[in-house]
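Residue-level listing of the chains:
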Amino acid sequence: LETIVKLPLINLIQSLCYLLDGMLKLYTDKSQLVIERIFLYCLIWSFGGALAAEKQLVDYRRLFSVYFKGLARIIKYPEIGSVFDYFIDPLTGDIISWQSKIANNNNNAIDHMGHANILVPTADSTRLRYLID
């Protein structure tokens, strides 16, 4: 699979370790099922996050998503969308769409901001903010 930039395997593994370390700190439930879901979620983003997407001739993210949905039996992803459209809820360990997270975060602190500072949340911006935080 082709990435946006060339990444050595060690960088992908390092990204997996950093994501896993950060995500495990968020979860209070450390059952085997939740830990496996967190690991798979981190695996998706560390190995699939840098894949070339729609704007290329071949959508490698879509191919990765189809492959991963067939491979990961622990997480039952919906048929609609890709594995990148969902996240693991820190409280329950369930799969939730990024779109639903946007609906929950609308209108927070708009009154205290200037109009130039307002960011309309999208699935992409919400996903990236979650991974960075």
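Draft legend 1. Layout of the confidence of the model for the protein. For the protein, the mean per-residue pLDDT works out to 78, and 74% of the residues sit at or above 70. Ranking the helices and strands of the protein by mean pLDDT puts helix H1 (residues 9-24) first, with 91, and helix H5 (residues 123-132) last, with 67.

Draft legend 2. Representation of the nonpolar core. Residues Tyr41, Ile44 and Phe68 are the most contacted members of the largest nonpolar core, which totals 25 residues. Sorting the residues of this core by element identifies H1, helix H2 (32-48), helix H3 (60-71) and strand S1 (86-88) as the ones contributing at least two each. With seven residues, H2 is the largest single contributor of residues to this core.

Draft legend 3. The arrangement of a nonpolar patch on the surface in detail. Taken together, the side chains of Leu1, Leu57, Val58 and Leu63 present a nonpolar region at the surface, about 450 Å² in accessible area. Note on placement: Val58 falls in the loop between H2 and H3. Overall, the relative accessible area of 35% leaves Val58 in the partly exposed class.

Draft legend 4. The packing of aromatic side chains, seen in detail. Tallying each qualifying case throughout the model produces four aromatic pairs. On the basis of an interplanar angle of 75 degrees and a centroid distance of 5.1 Å, the ring pair of Trp45 and Phe84 is categorised as edge-to-face. Residue Trp45 is located in helix H2, and its partner Phe84 is located in the loop between H3 and S1; the two are separated by 39 residues in the primary sequence. Phe84 shares its class with Trp45; the two are buried. Note on Phe64 and Phe68: the rings are 5.7 Å apart at their centroids and 20 degrees apart in plane angle, and the pair reads as stacked.

Draft legend 5. How the structure looks around the environment of Glu36. Of note, Glu36 is situated in helix H2. Glu36 gets classed as partly exposed once you look at its relative accessible area, which sits at 26%. Linking Glu36 and Ile75, residues 39 residues apart in sequence, is a C-alpha distance of 8.9 Å.

Draft legend 6. Representation of the side chain of Ser65 within the structure. Within the secondary structure, Ser65 sits in helix H3. On the accessibility criterion, Ser65 (3% relative accessible area) is buried. In contact with Ser65, other than residues within four places in its own chain, are Ser82 and Val83.

Draft legend 7. Here's a closer look at the pattern of salt bridges. Applying the stated criterion across every chain, the model contains one salt bridge. Ionic pairing is found between Lys25 and Asp21, a salt bridge with its closest N-O pair at 3.5 Å. By relative accessible area, which is 42% here, Asp21 ends up partly exposed.

Draft legend 8. Spotlight on the environment of Tyr18. Along the chain, the position of Tyr18 falls in helix H1. Look at Tyr18 and you get exposed, because its relative accessible area is 58%. Along the primary structure Tyr18 and Cys42 are separated by 24 residues, whereas in three dimensions their C-alpha atoms are 8.9 Å apart.

Rules used in this analysis
Residues numbered from 1 in each chain as written. Predicted model: local features only at pLDDT ≥ 70, side-chain atom pairs only at ≥ 80, totals over all residues. Heavy atoms only, no water. pLDDT = per-residue confidence, 0-100. Helix = DSSP H or I, 4+ residues; strand = E, 2+ residues; numbered from the N terminus. Core = buried A, V, L, I, M, F, W, Y, C linked by side-chain atoms within 4.5 Å. Buried < 20%, exposed > 50% of the residue type's maximum accessible area, 1.4 Å probe, protein only. Patch = residues over 30% accessible without salt bridge, like charges linked within 9 Å, V, L, I, M, F, W, Y side chains within 5 Å. Areas by Shrake-Rupley, 256 points an atom, 1.4 Å probe, with all protein chains shown as cover. Salt bridge = Lys/Arg side-chain N within 4 Å of Asp/Glu carboxyl O. Phe/Tyr/Trp six-rings, centres within 6.5 Å; stacked < 30°, edge-to-face > 60°. Contact = heavy atoms within 4.5 Å.

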